[in-house]
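Here is how the chains run, residue by residue.
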Amino acid sequence: MPDISARFEGLGVGFAPYLQPPGPEIVRWTVGEPGFATPKEILDVAIGELEAGNTKYTRGAGSMELCQGVADYLSKHHEIEVSAEDVVVTPGAKQAMLYSFLITTMPGDEVILLAPSWASYEPMLEFIGAKPVHVPVRKDNFHPDLDAIREAVTDKTRMILLNSPCNPTGAVFTPDEIRGILEIAVDNDLWIVSDEIYSRMVWVDWPHVSPASLPGGMERTIVVNGWSKSWAMTGMRLGFLTGPPNAVKAAIKSQANSASHVPTFMMEAARVALSCDGSVEEFNLEYKKRREIMKNGLSELPGVRVIEPEGAFYIFADITGTGMTDTEFADGALEAGVQLIPASLITGGEGFIRVSYATNEDAIHEGLSRLRSWLL
Ligand SMILES: Cc1ncc(COP(=O)(O)O)c(C=O)c1O
């Protein structure tokens, strides 16, 4: 058997080992996946499209109607003004991230990540030869340290990767912080790749602000977003990106040379989903309820410190007060019947655990009761 390419040597797979389903007796707090069914309205459109025979090759960036829908959505919800031609619909936000990394870096270039960051960024950057440079966020609230970001810029830096609302910390960066990061990017002529997949899940008083909506932001920001989280469509693999014309042209080439396009019969369903605000709001009410239960329950555990979860559906809790490492804590929790993520799996996560409250209320209550029996 011939050797595979060296590109895969030591390449990680994010949290994947922890995302395998354990036995049915284990409560899973690991997966960042909505516990809701995909809204029926969306499914009905997809089924209708299948029955109508919309199963053939089509426009690579997505149908014009869908791309126009995305442009309208971005204008309505996030004050991002783009045309349909500036939108590329991709197989999940993850694929859009990969295109964005290919577009903004060459092998050896540095990318500033705000640590701890989503587990997939680092291996994805390493996959294409870019170098992740981790700049720690503030430990008290997980917000960015602008001075530290500025200091981390070198002549090799090409891009700052933003993810607000954030997986894993739940932080929602303030409009001033986003402005500050854009200023650093402008001063150093850097790209920003802004992963806004949780943009509709904000539980604090300040809004989600995209750098692309700020003066001078659109020309250097690639916005990545998608349908997985707010519409409970994780398995349908639908995401999108938008950015300045040179980046969009390159994204179209990236897609033409890899995925071609997303499933044709899903395009109209994705377009319809963008106006299903009722479902998004209904899910959000549930998430807010679950967040309170999880936050209060974890806070009552001895040695566990919860930092205010501001958005997305994660809590990043400091467990150093238990005297255990995060891996020992995760192993103990699993023995007690709860699967959660020890955050030392990612740079800057030592001493923390990540839990997702996306699943369902029963799993949260049951998991908390098991942890109480273990720790109290
Ligand atoms: C921060 C972040 N970005 C992107 C994704 C991937 O989204 P998609 O399912 O659209 O590929 C996830 C999924 O967990 C995520 O947490």
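Look up a bit, the structure's there.
Residues numbered from 1 in each chain as written. Predicted model: local features only at pLDDT ≥ 70, side-chain atom pairs only at ≥ 80, totals over all residues. Heavy atoms only, no water.

## Regarding the site of the ligand
Taken together, 13 residues surround the ligand, and among them A93, D195, Y198, S228 and K229 come closest. One nitrogen or oxygen atom from the main chain of K94 is found 3.0 Å from an oxygen atom belonging to the ligand. Side-chain polar atom of Y198 to an oxygen atom of the ligand: 2.7 Å apart, as the coordinates give it. Surface burial for the ligand is 92%, taken as the share of its 400 Å² of free accessible area covered by protein chains. Sort the elements by how many residues they give to the shell around the ligand and helix α3 (residues 92-104) lands first, with three residues. Residue classes in the shell around the ligand are distributed as five nonpolar, four polar and four charged. (Near = heavy atom within 4 Å. Polar contact = N/O pair within 3.5 Å; in protein donor to acceptor, adjacent residues only side chain to side chain. Areas by Shrake-Rupley, 256 points an atom, 1.4 Å probe, with all protein chains shown as cover. Helix = DSSP H or I, 4+ residues; strand = E, 2+ residues; numbered from the N terminus. Nonpolar A, V, L, I, M, F, W, Y, C, P; charged D, E, K, R; others polar.)

## Digging into unusual backbone geometry
Comment: phi is negative for the bulk of residues other than glycine, and the bulk of peptide bonds are trans. Between S164 and the following residue, P165, the backbone shows a cis peptide bond with an omega angle of -10°. Structurally, the position occupied by P165 is in the loop between β5 (157-162) and α6 (175-187). Its identity as a non-glycine residue notwithstanding, D189 has a phi of 50°, on the positive side. A relative accessible area of 55% places D189 in the exposed class. (Buried < 20%, exposed > 50% of the residue type's maximum accessible area, 1.4 Å probe, protein only.)

## With respect to the packing of aromatic side chains
Applying the stated rule across the entire model yields 16 aromatic pairs. Consider the rings of F8 and F127, whose centres lie 5.4 Å apart with planes at 65°: the pair is edge-to-face. Of this pair, F8 sits in the segment before β1 (27-28) while F127 sits in helix α4 (residues 121-127), and the two are 119 residues apart along the sequence. In this structure F127 comes out as partly exposed when scored by relative accessible area, which is 31%. Where W203 meets Y287, the ring centres are 6.5 Å apart and the plane angle is 50°; that geometry is what we call tilted. Placement of the pair is W203 in the loop between β6 (191-195) and β7 (221-226) and Y287 in helix α9 (residues 277-299), with a sequence separation of 84 residues. Taken together, F36, Y198, W203, F283, Y287, F313 and Y314 form an aromatic cluster joined through their ring pairs. (Phe/Tyr/Trp six-rings, centres within 6.5 Å; stacked < 30°, edge-to-face > 60°.)

## Here's the deal with the nonpolar core
Grouped together as the largest cluster of nonpolar side chains are 60 residues, with contacts concentrated most on W29, F101, L161, L298 and L340. Tallying contributions element by element places α3 first for this core, with six residues. Each of domain 1 (6-39 + 278-375) and domain 2 (41-275) contributes no fewer than three residues to this core. Residues contacting F101, with those up to four places away along its chain left out, are Y121, M124, L125, I128, M159, L161 and V193. Core analysis: the next-biggest nonpolar cluster, separate from the first, contains 31 residues, A84, W227, W231 and V262 among them. (Core = buried A, V, L, I, M, F, W, Y, C linked by side-chain atoms within 4.5 Å. Domains from an automatic or database assignment. Contact = heavy atoms within 4.5 Å.)

## Topic: the sheet that holds strand β8 (residues 239-242)
Read from one edge of the open sheet, seven strands run β2-β8-β7-β6-β5-β3-β4, paired in mixed fashion. Bordering the open sheet on either side are β2 (87-90) and β4 (131-136), each of which pairs with just one other strand. In this sheet, neighbouring strand axes are inclined to one another by 25° on average, regardless of whether the strands run parallel or antiparallel. When β6 meets β7, the two strands line up parallel, connected through four bridges. Opposite V193, over in β7, you have I222 as the bridge partner. Here α3 sits on the sheet in contact with β2, β5, β6, β7 and β8, set at roughly 165° to β7. (Pairing = 2+ DSSP bridges. Axes fitted to C-alpha atoms, helices over the stretch in contact; angles between N-to-C directions.)

## A look at the side chain of Q255
Following the sequence through the fold, Q255 ends up in helix α7 (residues 245-256). In this structure Q255 touches G60, A61, V88, V89, T90, P91, Y99, S260 and H261, once residues within four positions along its chain are discounted.

## What about the pattern of salt bridges?
By the definition in use, this model includes 20 salt bridges. Across the salt bridge formed by R220 and D189, the nearest N and O atoms sit 3.3 Å from each other. With R220 in the loop between β6 and β7 and D189 in the loop between α6 and β6, the pair connects residues that are 31 residues apart, well separated along the chain. Its salt-bridge partner being E286, residue K289 comes within 3.7 Å of it at the nearest N-O pair. Taken together, the residues span about one helical turn, with K289 and E286 both in helix α9 at a distance of three residues. For K289, a relative accessible area of 41% translates into the label partly exposed. A residue is classified by how much of its surface remains accessible, and E286, at 24% relative accessible area, is partly exposed. Each member of the salt-bridge network shares a partner with another, and the members are E286, K289, R290 and E361. (Salt bridge = Lys/Arg side-chain N within 4 Å of Asp/Glu carboxyl O.)

## Examining the pairing of β8
Neither face of β8 is open: one carries G239 and L241, the other F240 and T242, and all of them are buried. Pairing geometry for β2 and β8, over four bridges, is antiparallel. When the sheet's bridge partners are listed, V89 is paired in β8 with F240. Bridge count between β7 and β8: four bridges; the pairing is antiparallel. Residue V223 lies in a different strand from β8, and its bridge partner there is T242.

## Details of helix α10 (residues 326-335)
Burial in α10 covers these residues: D326, F329, A330, G332 and A333. Down the axis of α10, the sector holding all buried residues measures 165°, keeping them to one side. In this fold, the buried residues of α10 make contact with β11 (338-339), β12 (341-342), β13 (352-356) and α11 (361-375). Looking one or two places after α10, you find G337, whose phi comes out positive at around 100°. (Arc of directions from axis to C-beta.)

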